[in-house]
Amino acid sequence: MTALKGKAIKSFLATRDETIAAVLIYGPDSGLARERALKIAGWVVEDLKDPFNALELSDAELKDEPGRLADEIAALSFAGGERVIRLRTSGETAAKAAQLLLDGLDSGHLKPNGMVIIEAGDLSPRSGLRKAFEKSKRGAALPCYADGPADVRAMAQEAAAAEDLRFDADALDLAVAILGEDHGISRAEIDKLILYKGPASLRSGPASISLEDVRASLVDGLGDAMDDTAAACADGAPARLAAALHKASAAGASPIGLLRALQRNFARLKNAQDLMDGGESAASAMKKLRPPVFFAEERAFENRLYKWRGPKLERALRMLVDAELDAKTTGAPQREIVERAALALAVMGSR
């Protein structure tokens, strides 16, 4: 099977394909990889703590016995039923064991009694592990890349609908703006929001999630930490920024999530200034933003409007675009790139 992409991933995860006996789950988003691994494992074994039907292997166990992966998936269970074999690998260490497994499956010599699930980190297209699965007829390669805004929006709506909840439009916009690219963190925050609102079993009928619900549940945590970082940059406050960056890191904010928070903040300043250039007052421009500026933040936002004018704001926006490009293409530590850009903005704003 070739590498799964786009809609093919959603289709693959919707229902079990009986022809697939081994799945490679890889990519930089470890939270999404774990969620998908658990979903696929659940097709095979109901209780992943079952000592007879669920087994976890390590790279060390396969180093001297690369054929063990194939042996385990062919073994019958003492308790009956199928077995799931999970392997978390650092990458190419498991390539030989995986190749032996896939060769046996594709040739028909190996009769599987369940499924093998391999979780790897971010693998390049040249990875032997990826190539083996992408060429296999009975294996599937499932990439897990960082969530974009559309992915977060869909996840939030699906999770809410499952509990008979519906987002108000402005509430959904704010939730997507707060949540970053890390699927695991976003899922946990959405679950927290649903718990705050009350699951379907505790309500008498459908309900909506309002802007106030999102602010009460999410803004005090991860979103608050990222907003503090963006505010310190826009206010030109390097000392405050250092504390905000520490708070954001402790809250689990990803570097790209922080960068997106900075981009949203400065983009809102640009949108408001465009409205002012068209004849609107600062107060009117702030009210026309979507979502509008919260009344308690209006004075600080108006001060930023006059601090970041014309070419200075354009330069800040270009710096953020360049930082994202560097973070995604240079291979340098993303957090250092983002924090350096944030500090440069705070210093620029202080002048």
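Everything that follows concerns the structure shown earlier in this document.
Because the structure is a prediction, the values reported are computed rather than measured.

What counts as what
- Residues numbered from 1 in each chain as written.
- Predicted model: local features only at pLDDT ≥ 70, side-chain atom pairs only at ≥ 80, totals over all residues.
- Heavy atoms only, no water.
- Helix = DSSP H or I, 4+ residues; strand = E, 2+ residues; numbered from the N terminus.
- Buried < 20%, exposed > 50% of the residue type's maximum accessible area, 1.4 Å probe, protein only.
- Pairing = 2+ DSSP bridges.
- Axes fitted to C-alpha atoms, helices over the stretch in contact; angles between N-to-C directions.
- Contact = heavy atoms within 4.5 Å.
- Salt bridge = Lys/Arg side-chain N within 4 Å of Asp/Glu carboxyl O.
- Expected span 1.5 Å × (residues − 1).
- Core = buried A, V, L, I, M, F, W, Y, C linked by side-chain atoms within 4.5 Å.
- Phe/Tyr/Trp six-rings, centres within 6.5 Å; stacked < 30°, edge-to-face > 60°.
- Parallel < 35°, antiparallel > 145°, perpendicular 65-115°, else oblique.
- Nonpolar A, V, L, I, M, F, W, Y, C, P; charged D, E, K, R; others polar.

> Whenever I open this one, unusual backbone geometry confuses me. Can you help?
Of all residues except glycine, most have a negative phi; of all peptide bonds, most are trans. The backbone of aspartate 164 shows a phi angle near 60°, a positive value even though the residue is not glycine. Following the sequence through the fold, aspartate 164 ends up in the loop between helix H7 (149-162) and strand E6 (165-167). Judged by its relative accessible area of 39%, aspartate 164 falls in the partly exposed class.

> Which parts of the structure should I look at to understand the sheet that holds strand E1 (residues 22-26)?
If you walk across this open sheet you meet the five strands as E2-E3-E4-E1-E5, and the pairing is parallel. Both outer strands of the open sheet, strand E2 (54-57) and strand E5 (139-143), are each paired with one neighbouring strand and no more. For this sheet the average axis-to-axis angle between neighbouring strands, irrespective of direction, equals 15°. Two strands pair when backbone bridges link them, and E1 and E5 are joined in this way by five bridges, in the parallel orientation. Residue pairing in the sheet places alanine 22 in a bridge with glycine 139 of E5. Against the sheet, helix H2 (residues 30-44) touches E1, strand E3 (83-88), strand E4 (114-119) and E5, its axis set at about 170° to E4. On top of the sheet, helix H5 (residues 95-107) reaches E1, E4 and E5; it is set at about 145° to E1, its chief contact.

> What is the right way to read the pattern of salt bridges from this model?
Side chains bearing opposite charge may pair, as long as their charged atoms lie close to each other. Throughout the structure, instances matching the rule amount to 22 salt bridges. For glutamate 119, the salt bridge is made with arginine 86, and the minimal N-O distance between the two is 2.7 Å. With a gap of 33 residues between them, glutamate 119 in strand E4 and arginine 86 in strand E3 connect regions that are remote in the sequence. Arginine 86 sits in the buried class, given a relative accessible area of 6%. Each of Glu56, Arg86, Arg88 and Glu119 takes part in a single network of salt bridges with overlapping partners.

> Would you mind showing me how to read H7 here?
Residues spaced three or four apart along an α-helix point in a common direction, a consequence of the helix completing one turn every 3.6 residues. With 14 residues, H7 ought to run about 20 Å at 1.5 Å a step, and its terminal C-alpha atoms sit 20 Å apart, in line with that. Buried residues along H7 sit in contact with E6, helix H8 (169-178), helix H9 (183-197) and strand E7 (207-209). Of the residues one or two after H7, aspartate 164 is the one with positive phi, at around 60°.

> What is the right way to look at the nonpolar core in this model?
One recurring pattern in soluble globular proteins is that nonpolar side chains are buried together. Judged by nonpolar contacts, the single largest core of 40 residues is most densely connected at Phe266, Phe301, Leu305 and Trp308. Those elements that provide at least two residues to this core are helix H10 (211-235), helix H11 (238-251), helix H12 (255-277), helix H13 (282-288), helix H14 (298-307), helix H15 (310-329) and helix H16 (334-350). Broken down by element, the residue count for this core peaks at nine residues, all from H12. Core analysis: the next-biggest nonpolar cluster, separate from the first, contains 26 residues, Ala21, Leu57, Ile85 and Val116 among them.

> What exactly am I supposed to notice about the side chain of glutamine 263 here?
Relative to the helices and strands, glutamine 263 resides in helix H12. Since its relative accessible area comes to 16%, glutamine 263 is described here as buried. Contact partners of glutamine 263, with chain neighbours within four places excluded, come to Leu320, Val321 and Glu324.

> What's the story with the packing of aromatic side chains in this structure? I'm lost.
Overall, the coordinates contain three aromatic pairs when judged by the stated rule. Ring plane angle 65° and centroid distance 6.1 Å describe the contact between phenylalanine 12 and tryptophan 43, whose orientation is recorded as edge-to-face. Here tryptophan 43 lies in helix H2 and phenylalanine 12 lies in helix H1 (residues 7-14), a separation of 31 residues in the sequence. Their ring planes at 85° and their centres at 5.0 Å tell us that phenylalanine 266 and tryptophan 308 sit as a pair that is edge-to-face.

> Help me understand the environment of arginine 88 in this model?
Considering the arrangement of structural elements, one finds arginine 88 in strand E3. A relative accessible area of 38% places arginine 88 in the partly exposed class. Once the C-alpha coordinates of arginine 88 and glycine 121 are considered, the two residues, 33 residues apart in sequence, prove to be 8.8 Å apart. For arginine 88, the contacting residues outside a window of four places in its chain are Arg34, Glu56, Leu57, Asp59 and Glu119.

> Looking at this structure, I do not really get the packing of H15 against H16. What am I missing?
For any two helices packed against each other, the geometry comes down to the angle between their axes and how far apart the axes lie. Taken N-terminus to C-terminus, the directions of H15 and H16 make an angle of 170°; their axes are 9 Å apart at the nearest point. With respect to H16, the element H15 is oriented roughly antiparallel. Across the interface between the two elements, Lys312, Arg315, Ala316, Met319, Leu320, Ala323, Asp326, Ala327 and Lys328 of H15 pack against Gln334, Ile337, Ala341, Ala344, Leu345, Met348 and Gly349 of H16. Among the residues making up the contact of H15 with H16, the classes are represented as 10 nonpolar, two polar and four charged.

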